[in-house]
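Chain residues, written in single-letter form:
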Amino acid sequence: MEEFEASASSKKTKTIYISTVFGIAMVLLMVGLLGLILVYAKNISSYVKENIVLNIFVDDAAHESDVLQLQKQLDGNVMVKQTQYVSKELAARNLQKDLGEDFVKFLGYNPLSQSVDVYLKADYANNKDIEKFKAELLKNPLIKEVKYQQSLVDQMNQNVTTISLIILTFAGIFVVLSVALINNTIRLAIYSQRFLIKSMQLVGATKGFIRKPFLLYGIWHGLLGGLIAIILLIGTLYVAYDNVPDLVFLQNYTEFGIVFLVVVGLGIFISGFSTFLAVNKFLRLKIYDLYR
């Protein structure tokens, strides 16, 4: 009979621990998904900003070699991600595609200027930095005009700021809820062991001795929950790439690695800390309070 009760108790304990691990994993999965959303939102924002083009038109009398030298100087600027030289012929071909007719043949000459298209780094894709950059460029006698869509830059930055604030607000709320859910899950698991904790205390075991195995289990459960969450996140990413192939161009393995480390670290920390608090609570309780 005693062996049966011991076996039943062991199975019950294993069931509680398994449910605790999967409970932690599910919460960490949601945290990880939110982290990936933040990463993709940041990458999409950078992608949009870095596709804003500054059209730098040079003097009609400028030689191609001078324009190429200007392009080389622009490539060395800290604000510039990449540049593209657009000759008069290339500009004419592009406009012909847009218009659907040969305007050069109609006019008898090519009125377009050669230019350099400049794409800025995401950190500098705002009107303040662009205007400073534009003022510096116009000091060059080779450059006659710099054009870009100022209203588009304004609207884009406003939208990015608004969306970022919304996502960060949800992220903060969700992290708080995640901590609360994992904490409650751990507390319920420790609650089932309250009589064991008090029995060990009554036979003279120190608080540190009683606390140690529970803390180790808590850390282990947090680690397992984090690893399970990462496996599920990788599966989610695979499904997402399979359905939306363009997401591949926005992936960043370094940022993904940081998200995965945060998920595991958060699982270990919350699980270990919650276990510490829960065990201390039952260590402080009187015997008659255990039945409440």
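Residues numbered from 1 in each chain as written. Predicted model: local features only at pLDDT ≥ 70, side-chain atom pairs only at ≥ 80, totals over all residues. Heavy atoms only, no water.

In the annotation of an unreviewed UniProt entry, the chain is listed under the name Cell division protein FtsX and assigned to Mucilaginibacter rubeus. Taken verbatim from the UniProt record of the chain, the Subcellular location (unreviewed entry) comment is "Cell membrane". As its UniProt record puts it under Sequence similarities (unreviewed entry), the chain is described as follows: "Belongs to the ABC-4 integral membrane protein family. FtsX subfamily." (UniProt positions renumbered as here; feature names shortened; annotations may be inferred.)

Comments concerning the overall build of the chain
Of regular secondary structure, the chain possesses 9 helices and 4 strands. When its helices and strands are written in sequence order, the chain yields α-β-α-β-α-α-β-α-β-α-α-α-α. The buried share among the 292 residues of the chain stands at 36%. Across the chain, the fraction of contacts at a sequence separation of at least 24, relative to all contacts at a separation of at least 6, is 80%. Looking at the chain as shown, the accessible area adds up to about 17,900 Å², and 63% of this sits on carbon and sulfur atoms. (Helix = DSSP H or I, 4+ residues; strand = E, 2+ residues; numbered from the N terminus. Buried < 20%, exposed > 50% of the residue type's maximum accessible area, 1.4 Å probe, protein only. Contact = heavy atoms within 4.5 Å. Areas by Shrake-Rupley, 256 points an atom, 1.4 Å probe, with all protein chains shown as cover.)

Comments concerning a positive patch on the surface
A cluster of basic residues, Arg187, Lys207, Lys281 and Arg284, forms a positive patch at the surface. Along the chain, arginine 284 falls in helix H9 (residues 253-284). Residue arginine 284 is classed as exposed on the basis of its relative accessible area of 58%. (Patch = residues over 30% accessible without salt bridge, like charges linked within 9 Å, V, L, I, M, F, W, Y side chains within 5 Å. Salt bridge = Lys/Arg side-chain N within 4 Å of Asp/Glu carboxyl O. Lys, Arg positive; Asp, Glu negative; His and termini not counted. Charge placed at Lys NZ, Arg CZ, Asp CG, Glu CD.)

Concerning the sheet that holds strand S2 (residues 80-86)
Within the open sheet, the 4 strands sit side by side as S2-S3-S1-S4. Their pairing is antiparallel. Because the sheet does not close on itself, it has two edges, and the strands there are S2 and strand S4 (143-147). Averaged over all neighbouring strand pairs, the angle between strand axes comes to 20 degrees, with direction disregarded. Two strands pair when backbone bridges link them, and strand S1 (residues 53-58) and S4 are joined in this way by 4 bridges, in the antiparallel orientation. Considered in S4, the bridge of asparagine 55 is made with lysine 147. On the sheet, helix H2 (residues 64-75) packs against S1, S2, strand S3 (115-120) and S4 and is oriented at approximately 170 degrees with respect to S2. (Pairing = 2+ DSSP bridges. Axes fitted to C-alpha atoms, helices over the stretch in contact; angles between N-to-C directions.)

A word on the nonpolar core
Residues Tyr40, Ile182, Ile190, Ile197, Leu237 and Phe256 are the most contacted members of the largest nonpolar core, which totals 31 residues. Among the elements of the structure, helix H1 (2-49), helix H6 (150-191), helix H7 (194-202), helix H8 (207-243) and H9 are those that each provide at least two residues to this core. In this structure isoleucine 182 touches Ile24, Val27, Leu28, Ile270 and Ser271, once residues within four positions along its chain are discounted. If you look at the next biggest cluster of nonpolar residues, it comprises 23 residues, including Val58, Val116, Ile143 and Val146. (Core = buried A, V, L, I, M, F, W, Y, C linked by side-chain atoms within 4.5 Å.)

Side note on H6
For H6, with 42 residues, the first-to-last C-alpha span of 61 Å sits near the 62 Å given by 1.5 Å per residue. For H6, the set of buried residues is Val153, Met156, Asn157, Ile167, Ala171, Ser178, Ile182, Ile186, Ala189 and Ile190. (Expected span 1.5 Å × (residues − 1).)

Quick word on empty space enclosed by the protein
One pass over the structure, following the stated rule, counts 1 cavity of 30 Å³ or more. Put simply, the largest cavity is a space of about 60 Å³. Around the largest cavity sit Tyr17, Thr20, Ile186, Ala189, Ile190, Phe214, Tyr217, Gly218, His221 and Thr275, which together line it. The set of elements that each furnish at least two residues to the lining of the largest cavity consists of H1, H6 and H8. (1 Å grid on protein atoms, 1.4 Å probe; cavity = no way out; pocket = protein on both sides within 12 Å on 5 of 7 lines; lining within 4 Å. Points joined across faces, edges and corners; volume = space filled by probe spheres on them.)

What to know about the pattern of salt bridges
This model, assessed by the stated rule, comprises 3 salt bridges. Of the charged contacts in the structure, one is a salt bridge between lysine 42 and glutamate 255, with a shortest N-O distance of 3.0 Å. With a gap of 213 residues between them, lysine 42 in helix H1 and glutamate 255 in helix H9 connect regions that are remote in the sequence. For lysine 42, a relative accessible area of 46% puts it in the partly exposed group. Lysine 147 serves as the salt-bridge partner of glutamate 145, at 3.6 Å between the closest nitrogen and oxygen. On the accessibility criterion, glutamate 145 (33% relative accessible area) is partly exposed. Take lysine 147: its relative accessible area is 42%, and that puts it in the partly exposed class.

Looking at the packing of H8 against H9
Where H8 contacts H9, the two axes come as close as 7 Å, and the packing angle between them is 150 degrees. As far as their axial angle goes, H9 and H8 are roughly antiparallel. Where H8 crosses over H9, the handedness of that crossing is right-handed. Considering only residue class, the contact of H8 with H9 consists of 20 nonpolar, 9 polar and 2 charged. (Parallel < 35°, antiparallel > 145°, perpendicular 65-115°, else oblique. Left-handed = near helix turned anticlockwise from the far one by under 90°. Nonpolar A, V, L, I, M, F, W, Y, C, P; charged D, E, K, R; others polar.)

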